Amino acid sequence: MFFKRTPLALLNLIHDRRKFLTSMAGVGFAVVLMFLFTGFMNALFDSQLQLLERLNGEIVMVDRLKTNMFVPRAFARRRLYQARSFEGVEAAFPIYISDANWKNPETRRTRPVRVLAFNLADPVLLLPEVTTHLSQLQLPDTALIDLRAREEVGPKQAGVVSELAKRQLRIVGTFSLGTDFASGNGNLIMSDQNFLRFFANRGPNEDERSFATADVGLIKVKPGTDVNRLVQTLQTRLPSDVLILPKDGPNGFVERERTYWQENTTIGFVFTLLTAMGFVVGIILVYQILYTDVADHWSEYATLKAMGYNNLFLLSVVLQEAVILSVLGFIPGFLVSALIYNAAAGTTGLLFKMTAGRIIGLYVATFFMCLISGAIAVRKVQATDPAEVFGL
Amino acid sequence: MKPASSTAPVDAFLEESAATASAVSIRGLDYFFGQGELRKQVLYDINLTLPKGQIVIMTGPSGSGKTTLLTLIGALRSIHEGSLQVLGQELRGLGNSKLVEVRRNIGFIFQAHNLFESLTASQNVEMAVELVGNFKNKRQQAAAMLGQLGLGERVSYKPASLSGGQKQRVAIARALVNEPQLILADEPTAALDKKSGRDVVTIMQHLAKNEGRTILMVTHDNRILDVADRIINLVDGRLESDETLSHFQETHDPKKLDGQMFIL
Ligand SMILES: Nc1ncnc2c1ncn2[C@@H]1O[C@H](COP(=O)(O)OP(=O)(O)OP(=O)(O)O)[C@@H](O)[C@H]1O
Ligand SMILES: [Mg+2]
């Protein structure tokens, strides 16, 4: 029966093409605002995890006091050797991480970057570029540079020669990772041997690095192993100066990192507030649209009432308009947002992910945004006095 | 039939049977606008019966309460004093949803057509058909009604591409498509040229004569008085006169009337 009715709501909305386009743009604008703010918030959080998600292992070992990747605390590497003797452990790789100043070869200004190093024989990172550049990385004073590093580091290509921690370094290739809070302006990857060359003896004010300590330990398990069980065993049997966590899952290392940044920064609060503002702007815009429609059709709606339509029917017309607006405004808003995400990812090196869950979540927000506006505008229709159509 | 509670049961019975035989029956109706100090009476002790099948024209000076009386009969406002029966239903004390039901049996025609610009002529009429739950044949019914009003070629036009007279005829089609027993019209020809106005009135006259509909029409338009069976005159909220057409014409010499209008 519903579908046989004259689609008054839809026809009223699209009757005036120009007004209709403006309405769609209005809702779309609110949608873009919400996508933008949640997008930046998610990007800031997601980006913290880019490196961790590329780690080729199921279990992560860090110093107990390394509460997040920003804390430069190393642990005794022999813990990894100890771990290797456990049932189910296939391999255990040390990863060395250090910050250092990189001189932009064009501007001659130095910028902090993060150096990731490991034994080139270990499949530590799921980055194909590492394997293709193996032989060059084995040469002294060489490294790969992140293509998604920020522009401040200068040209990102093989052949660039500049200074890292006041020592000459040659770039022999590139890879693609992205930045996060701990990575400074970008990442470099080098062999553990080169890492020692750069950081074993950097001067009196800097830590001396050696193979005795590692920053992150990565454990690869044998197929068919119960990861959580193994984590438990390792944690109880190894000394408690190291923390052992599964990489993935709700209690995993990746999730711990995300939670740390969510709980210890105001990012979440600020961007949630901005998103809420987008939501409110949307409510006001949609209310304006619906209110104008009611005001423009005042006598027609009153006539419907005089004919014998009840308030419920008029309410349903306004709410239908709200729902139609939420759908028709969301689509262009979403498309524009996708373009903006792309552009923003390119310039910031942050990770802008448009997941199905986030799209659905924002549609639901848009739906409620329109519904709330509809509910406010509806009060205006209810007040329509059918007697007013006479003698106007 | 409800049991008579009055001390004069015979009177009550007579009144009630008179009411069911007529389309509209009004007894001792007073009406006020506003509350408290702003309370203002606009209708005084109205007594009026409209038998079925009659065309009644209501005239009277501006502000005399014609529109107000029409909205009361049309169940668009609630009455508080007196008695008002429409199509056998007492409106006094009726709840809102009951009033809405009463409206469905009445055809309203206003001075303004009040058509949705976004709907075609047919769709505007169909909105009325849907009201009685007839979804299957709504198109045919709307088209047939528009055809009767000479708009067979225009069913798919939007109001913007119709003339004033055509729009008013669509509005009439919408008011009549459910075959209401009572039709209330407030200056239906005011916005129309002479010929369109005449056409509209002729259509209404046919309906009353051939199908026994009752029509109450407010108009200032002297050119259409001849369709009336009866003319009532409302002055300052009181029914001043109630006469047949021939009597009205005798007492209101057209030349004299024209002369009056000239002075105004
Ligand atoms: N909603 C209202 N609230 C208060 N007073 C009203 C309202 N509607 C009408 N009135 C008053 O009631 C009186 C009767 O008005 P009504 O509209 O019934 O006159 P009318 O006979 O239809 O006049 P016209 O020929 O100009 O249409 C007028 O004095 C008017 O000012
Ligand atoms: Mg009036």
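Structure shown above.
Conventions we followed
Residues numbered from 1 in each chain as written. Chains lettered and ligands numbered in written order. Predicted model: local features only at pLDDT ≥ 70, side-chain atom pairs only at ≥ 80, totals over all residues. Heavy atoms only, no water. Helix = DSSP H or I, 4+ residues; strand = E, 2+ residues; numbered from the N terminus. Rg over C-alpha atoms; globule rule 2.2 N^0.38 Å. Buried < 20%, exposed > 50% of the residue type's maximum accessible area, 1.4 Å probe, protein only. Contact = heavy atoms within 4.5 Å. Areas by Shrake-Rupley, 256 points an atom, 1.4 Å probe, with all protein chains shown as cover. Lys, Arg positive; Asp, Glu negative; His and termini not counted. Charge placed at Lys NZ, Arg CZ, Asp CG, Glu CD. Pairing = 2+ DSSP bridges. Axes fitted to C-alpha atoms, helices over the stretch in contact; angles between N-to-C directions. Core = buried A, V, L, I, M, F, W, Y, C linked by side-chain atoms within 4.5 Å.

Draft legend 1. Looking closely at the overall build of chain A. The secondary structure content of chain A amounts to 13 helices and 11 strands. Relative to a compact globule of 392 residues, whose C-alpha radius of gyration would be 21 Å, chain A shows 29 Å and is clearly more extended. Projected onto its principal axes, the C-alpha positions of chain A cover 95 × 50 × 35 Å. Across the 392 residues that make up chain A, the buried fraction comes to 50%. For chain A, contacts bridging at least 24 residues in sequence account for 78% of all contacts bridging at least 6. Carbon and sulfur atoms form 59% of the exposed surface of chain A, whose accessible area is close to 17900 Å². Each charge class in chain A can be summarised by its mean position, and for the 39 positive and 34 negative side chains these summaries are 2 Å apart.

Draft legend 2. Local environment of the sheet that holds strand β1 (residues 22-33) of chain B. Residue and element names in this part refer to chain B. With respect to topology, 4 strands assemble into an open sheet ordered β2-β1-β4-β5, the strand pairing being antiparallel. If you trace the sheet from one side to the other, it starts and ends with β2 (40-51) and β5 (89-90), each paired once. Sheet topology places β1 next to β2; 8 bridges connect them, and they run antiparallel. Each residue of the ladder has a partner; that of Phe-33, found in β2, is Lys-40. Helix α2 (residues 66-73) rests against β1, β2 and β4 (81-86) of the sheet, and its axis sits at about 120° to β1.

Draft legend 3. Spatial organisation of the nonpolar core. Ranked by internal contacts, the top residues of the largest apolar core, which has 90 residues, are Leu-304, Leu-325 and Met-369 of chain A together with Leu-146, Val-170, Met-204 and Met-217 of chain B. Ranked by the residues each element gives to this core, the list is headed by helix α12 (residues 311-348) of chain A, at 12 residues. Not counting chain neighbours up to four residues away, the residues in contact with Leu-325 of chain A comprise Leu-13, Ser-23, Val-27, Val-286, Ile-289, Leu-290, Phe-330 and Cys-370 of chain A. The next biggest cluster of nonpolar side chains, apart from the first, holds 36 residues, and it includes Phe-86, Val-221, Leu-230 and Val-242 of chain A.

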